[in-house]
Amino acid sequence: MGTEFSEWLRGRSDERLRALVAARPELVTPVPAHIEGLAARAGSPSAVGRALDRLDRFTLAVLETLALQPGPATREALRSPLARACAGAPGAEALDAALDEALDRLRTRALVYDHPDERGDDALLPAPGVAEALEPPAALGPPATEVFRHHPPEHLETILADVHADGSGPAGGRAPRERLAALLADHDAVGRLVGEVSPQARAALEELAWGPPSGRLPNARREVAAAAAQSPVEQLLARALLGATGEETVALPREVGLFLRGGRVHRDLSPRPPDLEGPVRDQDRADRTAAGQAFAFARTVEELCELWSVDPPGVLRAGGLAVRDLKRTAQLLDLPEWAAGLVAEVCLAAGLVAAGDGEWLPTGGYDGWRVKATEDRWALLASAWAGMDRVPGLIGGRDERDRPLNALHPDLRRPGAAQVRTRTMAVLAAAGPGVAPTPESVLARLAWEQPRRRAAMRDRLAEFALREAEHIGVTGLGVLAGHGRAVIGAGTAADASGVAAALLAPLLPEPVDHVLLQADLTAVAPGPLTGDLGRWLALAADVESKGGATVYRFGEQSIRRALDAGQSADEVLAMLEKHSATPVPQPLSYLVTDVARRHGRIRVGTASAYVRCDDPALLDEVLADKRAGLLRLRRLAPTVLASKTSRAALVDSLRAMGYAPVAESLEGDVVVARADARRTEGQILPRAHNVSGPDPEVVAAAVRAIRAGDEAHRTRRRPSDAPGGQVPRSPATATIQALQEAIREGARVWIGYLDSQGHATSRILEPARMEGGYLTAYDETRATVHRFALHRITGVAQYTG
Amino acid sequence: MNDGPLIVQSDKTLLLEVDHEKADACRKAIAPFAELERAPEHVHTYRVTPLALWNARAAGHDAEQVIDALIGHSRYPVPHALLVDIAETMSRYGRLRLEKHPIQGLILTTTDRAVLEEVLRSKKVQPLLGERISDDAVAVHPSERGNIKQTLLKLGWPAEDLAGYVDGEHHPIELREDGWALRPYQKDAADAFWHGGSGVVVLPCGAGKTIVGAAAMAHAQATTLILVTNTVSAHQWKQELLRRTSLTEDEIGEYTGTKKEIRPVTIATYQVMTTRRQGVYRHLELFDARDWGLVVYDEVHLLPAPIFRMTADLQARRRVGLTATLVREDGREGDVFSLIGPKRYDAPWKEMENQGWIAPADCVEVRVTLSEDERLAYAMAEPDERYRFCSTTPSKVRVAEALVRRHAGEQVLVIGQYIDQLDEIGEHLDAPVIKGETRVRERERLFQAFRDREIQVLVVSKVANFSIDLPEAAVAIQVSGTFGSRQEEAQRLGRVLRPKADGGGARFYSLVSRDTVDQEFAAHRQRFLAEQGYAYHIIDADDVGEENPAR
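All values reported here derive from a predicted model rather than from experimental measurement.

Trainee: Would you mind going over the overall build of chain A in detail, with residue names and values included?
Mentor: If you tally the helices and strands in chain A, you get 33 helices and 21 strands. By the burial criterion, 41% of the 801 residues in chain A qualify as buried. Pairs at least 24 residues apart make up 68% of the contacts formed inside chain A by residues separated by at least 6 positions.

This is how it looks when you write it as C-alpha cells:
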C-alpha cells in the first residue's frame, strides 16, 4: 500500500507536486531525497497532523467519510452520506461543487490517492497515516475489534450466544471477536438488537451516538447475560451495543454508532462556510476612520519612544516590562493598559525598541523610522504586528503556572499567533466591502475553516486580533480598510507595505506650512506641520493638544527657550509672521518683546575653579605667564579669574609655576549636564517567519530536487526481500512506513532492534500502535507487549512464518 | 479628502475653524454634546466630556447623531477609539431610570440588569435603596432621590429622572409684555426648560437671565422660591419681577438677613440659607414653608455646597438653574447635573454679541512699571504681602486718573480689591466709593444715581462683583483683584457688557504692575478673556496719554 502511494505520487505531474509542496511546505524542510522519501514524510504522523489542521470542516468531513469506508470508495459512495449530512443546507449543485473542490484539495495535498476499487472503478483511498491521524473520525467510538479486544473470549461467546438466541448466527471457525465485529457491521442485526432494548436504553444510545461515544460506569467489566440484564446499561452491555474499554469506562462501538446515525457520518454539515454577518457600513467612511486611527497609532508609537528615550523603564530580571512601568506608560499615553501594551509590543516587533543595559530603549532603527512619512511608518508597524508571534492581549493575565504575564516578556510568544491573526484578517477580507462582521460570526468562520485547531486559544487570539486591528487602524468601524487589506494581503513583505502606504497616504492629513495665531497665545496647526516649522514650533511653544491638528501655546518659558536656542526676538517675530495665516496678535508680539527685554541680562557660565586675588597686578602676571595657557583662564573681574580646569589641577599648576595658592571651598561649583536621549544597540527581535507559505521558486526548486533524487534512487534500487537470518536494515522512513502498514493490516513483522546495551537483536512483532516516537507491539519472541523506541529499530522485514 | 471646518483631537477636544464657510452648520451640530471651552478669534475649542455627552442624551440626541456630526464635519479621519469611547459613554445614560410606581412609590429600574447588579454592589448605593421589587427594579427611599442621582453619576451610570414633579400650590403669574418683548432666545430657553422638567439654562451676563426666570414662572403658574447670591441681587429680582410680570408688591417676599417675608413668590439669599447657629441651619423650614411649585437658582455656578445638600431633598419640585457658565471653580459640575438637572439651553456669548444683544468689549491691559525703590521693596516683601504691595502701587492711581480723564463723559466704574487704594482713588477722582461697610440703602442710592447719570464715576470694591445691574457702565477699570478666578473675570466683564444706548463698545482696562506676581495673574486673565473671544491688547502705562480712545 505504501508503495502504491509512492507510485501514485511519482505519477503526479510536476505541477501537481509543486502544488503539494506549496500547500504542505513542511514536506520539503529538508528536501527529501526521492519520491519514496516524500511519500514517507507525507505519511508521517506530524506531517499528516499539520495537513489535517489546515482543512476546513467540510473537506475534513469528506476525508473522515472516506476513512470510514472499508476499502477504496468512489465519489458516489462518498456523496450519499455527505448528502444526508448536508440535508439542511442548500441544493445538490452546491454539494457537488463543494465535494469536487474538497476532493481536489485532498488530492492536491496527497491526503487521498486514486486507487481502483474491486470492480475497477475510479475510487479513492486515504493516504497512509491519514486514517490513524483522524482517529477517532467524526467523534465516533472505537471499532468493535478495538472495544472488545480485551474481553475474554468466553465472555464474548456468551454475548454471541445471547444475541443469536435463534441460533442463526454464523458458526465458529473465526475468533469470537471477529465474529462479533462482523455481527455489529451488519445493520440489520444491530437494528434487531436495538429494537430489543428498553426505551431508556435506546435514549442512552441516542445520546452516545452524537455526543461523546464513551461514558463512565462503575464496574464496567461485569458480565451480564441478556436475560439477567437489569438496568438499561446492562441491557446494552449484554448485547454488545456497548463495550467496556476499562475498569470504569464503556464505549459505543463504531459500527453501532454508524448505525444509530442512520447512514450519516456527520450531523449538520454545510458545504459552504457560514456566512459572515454584521452591519454594512460605508467603506469610504470605514477607510477614513481606520486612517484616523492609524495616524493616532503611529503618533502614539512615536510618543512612547520619545518618552522612553529620556526616561527608559527597566528590564525585569526575568525579562519584560514591570507592571508599574506599563501603568505609567499607559497613563502618559492616555491609553488603557491593554492598548499601551500593544503599542510597546508592536514597537518591539518592529525593532523600534529593544532591551539594552538593563533598560528598554529605542533602537537606532527608531531614528530611521521617525523620519519616514506617516504612511510608511504605519505600514511598517502594521506589518510587524501582522507577522509577530507574540500575543499582546495576554499582558496582565497569568500563565498556566499562575505567574503574571508582563509586557515585552519572552513568555508572550505563542506559536500560531501570527497564523491566527492572518487568518482572522483574511476572514474580514472575505466579508466584502463595507461589511463589519460580528466577532461571533468571525469566530464561527474560523472554526469552520480549521476545525481541528484548539478552539479556546484560537478564539482568544482571534478576539485579540480583532481588537488590535481596530486600534492599529487596520480596520475601521469593524470593516477591513483598504490599507489594512494591503498589509495583511499575500505577496512579499516590502511590496505589501508599499501598497498599504500608498493607499493610506491620501487619507491622512496633508502637511501644512502655516499656523493660526490667536490672542490667547495659542497657535493652531491645522494639520501635521512640515519638518522645519514643526521643529521650530516645538522649540518656541509648548504642545497643548494633539490629533489631526496640533495646538501650541506660547508662554514666557517657551519664548525664553527659543531665545536660549540663539534666536533673537526679531527672528522669532519674523518666523511667526512668515508662517501665520493671520496677523500676529498684539499680545503675542508683546510677549516676545517683553521676554526678550529681560533675556540675557543676567549671564551664567560654567567654571570648574576660580582664582581670586586682591592684587590685580599679580593676576596680570599669572595671565601673562605662557604656562598658564593650558589652564584656560578667563578674567571675569580685575580680581577674579575663572578656569575650566579642576581646582586640584589649578592649584598644582599654579604651584608648579611658582605661586603659593590656597584652595577655597567648593561654593558655586555646579556643572549642569542634561542627560541626552539615549539609544541602544541591543538585539532587535528577529521577525517571525513568513506565514503565507514558501515562495513559488522555493517550491519549484524542491520539486526539481526530489525528482532528480528520485531518478538516481530508482536506478540504484534493488528488490529488498526479507534477508534470511540477517538483522533487517532499511532506511528510517521506509521503516516507519512498513510499520504503519503492518499496524493497519494487523500483520507480523520481523525487526532489527538495538537494545539498551546497543546489541543488535531481532524480534518478531505484531505492531499495535505508533506514537510519540515509540512503537507499541506484541513481542512474539518474548510473549509480551512492549514499547520500542523507533530510532533504535534498524529495519523491518515482512514476516512470513 | 473632506474639507470640513472641524478637527478632532485625540484628547477629545474639537477645534472649529470659525472662518470656514461651514463653521455655522458645524457649530450647531456639535453644540449639543460639546462644551465651548475657548473662543478666540480663529479657532474655537470645544470639549467633549462625559457630562456634555449625557446632557446631549438628556436632550434626546443619540450616539449615532454625535458620531455622524463628528465624521461629517471633520476635516481629517476621526480616530476610531474616540468614536467607540463616545458611543460607550453615551450608552451609559438612561440605563438606569428613576420612575414612579403606583404602589411602590419611587423606584429605580433598568434596561440592563448587569448594570443594576453592578450599582447594587456599591456600598454607597446600598443604604439609599429599599426592597428589590423585581429583577429589574428596586425601591428607592423617596428622601434619597437626589442622593441616589449624585451617587450613580459618580459611579458613571447617570440615572434618568422620570419620576415627575409635584404641581405645587397654584398661583397665577403672567408676563406683562408692555413696552418690551421676550427675546426669541429667552423664550426658547424657558420653553426648553419647561419641556425638560428641570435643568440649567446657560446664558451670558447681560442676556436677561432674570427674564428667563420670570418666563419659567409664568410656565409653572405656581408658588416659586428664588435663591439668589446676595441682598442687592434679591432687590433687583424683585424690581424686575414687578416690572415684567403681573405680580404685585404683596405677592413677592424677601427672605434676607433683615427681612423674613414668606409670600407666594419668595426671594431668599444663599447667605441666609446657609447661616448656621450651633451647627444647625436655621432657615431650612423655608423650603417647607409653602408647597413650592418651582425653585429658581440664580448663578448656579456659585451655588454653595450646603445648598446642594438641601437641594437633594427638593427633587420632587421643578428646578431651574440660571448661570453664565457651567464651569465651577470647585469642579462640582456633576452635582449641578444630577441635582438641578441637565443643561437645557445654551447660547454662546459671541453669537449673542453678534446678534447685538450684548455689547462687544475691548480689553486693554496697562502695564505699570514700578520705580526702582518699589522694585527693591517688592523683592524684599514677605511672600504673602507681595501681591498687595505690587497691586497697590501709587503709579496705578495716576494711570487710573489718566484713564478716567480720557473717558470723561462716559460712565466709568473703577473696581478694586484693597479698600485703602480705592479710598485713595475715590479721593483723587472725587468719586463715591462703595465697599463692604456701605449700607444697602446707600449702595442702592448710589447705583441709582449712577444709572441716572448723576454720577459719572463710581469706585466699587469686591462686593460689587455679584449680581448687580449697572446698565450704563461703558468703561471698567480694574486696579487690583485676587484673580486667576475665571468667575470673577466673567462677572466683571458682565458689568460693562450691557448694550449701551448709543450702541458703542464697552472697554475694560486692567492695570498691572510689570515683572511682578500681578503680571502672572494678568496672564491668566488675558488667557481667559482671549479665550472668550474678546479683543485683547497690552499697552505700557506711558502710552495711556497717547492712545487714541476712539480706536
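Trainee: Describe unusual backbone geometry, and please don't skip the residues or the numbers.
Mentor: Glycine aside, residues mostly have negative phi angles, and peptide bonds mostly take the trans form. Residue and element names in this part refer to chain A. The backbone of aspartate 334 shows a phi angle near 60 degrees, a positive value even though the residue is not glycine. Assignment of secondary structure puts aspartate 334 in the loop between α17 (323–333) and α18 (337–349). The exposure class of aspartate 334 is partly exposed, given the 14 C-beta atoms found within 10 Å. Look at leucine 408: it is not a glycine, yet its phi comes out positive at around 65 degrees. Relative to the assigned elements, leucine 408 resides in the loop between α20 (374–387) and α21 (417–430).

Trainee: Give a description of the packing of helix α3 (residues 35–43) of chain A against helix α33 (residues 732–745) of chain A that names residues and reports values.
Mentor: Residues and elements named next belong to chain A. Between α3 and α33, the shortest axis-to-axis distance is 9 Å and the interhelical angle comes to 55 degrees. In terms of orientation, α3 lies oblique with respect to α33. Here α3 runs over α33; the crossing is left-handed. Two secondary-structure elements touch here, α3 through Glu36, Gly37, Ala40, Arg41 and Gly43 and α33 through Thr733, Ala734, Ile736, Gln737 and Gln740. Tallied by class, residues from the contact of α3 with α33 come to three nonpolar, five polar and two charged.

Trainee: Report on the pairing of strand β17 (residues 749–754) of chain A, specifying residues and quantitative values.
Mentor: All names here are of chain A. Counting buried positions along β17 yields five of six residues, so the element is predominantly enclosed. Note: β17 against strand β18 (residues 760–771), six bridges, orientation antiparallel. Among the inter-strand pairings, leucine 754 is bridged to a residue of β18, identified as alanine 760. Between the antiparallel neighbours β17 and β18 lie five residues, among them glycine 758 with a positive phi of about 90 degrees. Bridge analysis of β17 against strand β21 (residues 793–798) gives five bridges, and the strand direction is antiparallel. Bridged to glycine 752 within β21 is glycine 795.

Trainee: Tell me about the sheet that holds strand β1 (residues 6–8) of chain B, residues and numbers included.
Mentor: All names here are of chain B. Pairing is antiparallel in the open sheet, where four strands are placed in the order β1-β2-β4-β3. Edge positions in the open sheet fall to β1 and β3 (35–38), since each of these has one partner strand only. The mean inter-strand angle of the sheet, taken between neighbouring strand axes irrespective of direction, is 30 degrees. Pairing between strand β2 (residues 13–17) and strand β4 (residues 43–47): five bridges, direction antiparallel. Pairing of leucine 14 across the sheet is with tyrosine 46, part of β4. Here helix α1 (residues 23–30) sits on the sheet in contact with β1, β2 and β4, set at roughly 155 degrees to β2.

Scoring rules and cut-offs
- Residues numbered from 1 in each chain as written.
- Chains lettered and ligands numbered in written order.
- Predicted model: local features only at pLDDT ≥ 70, side-chain atom pairs only at ≥ 80, totals over all residues.
- Helix = DSSP H or I, 4+ residues; strand = E, 2+ residues; numbered from the N terminus.
- Buried ≥ 20, exposed ≤ 12 C-beta atoms within 10 Å, placed from the backbone.
- Contact = placed C-beta atoms within 7 Å.
- Axes fitted to C-alpha atoms, helices over the stretch in contact; angles between N-to-C directions.
- Parallel < 35°, antiparallel > 145°, perpendicular 65-115°, else oblique.
- Left-handed = near helix turned anticlockwise from the far one by under 90°.
- Nonpolar A, V, L, I, M, F, W, Y, C, P; charged D, E, K, R; others polar.
- Pairing = 2+ DSSP bridges.

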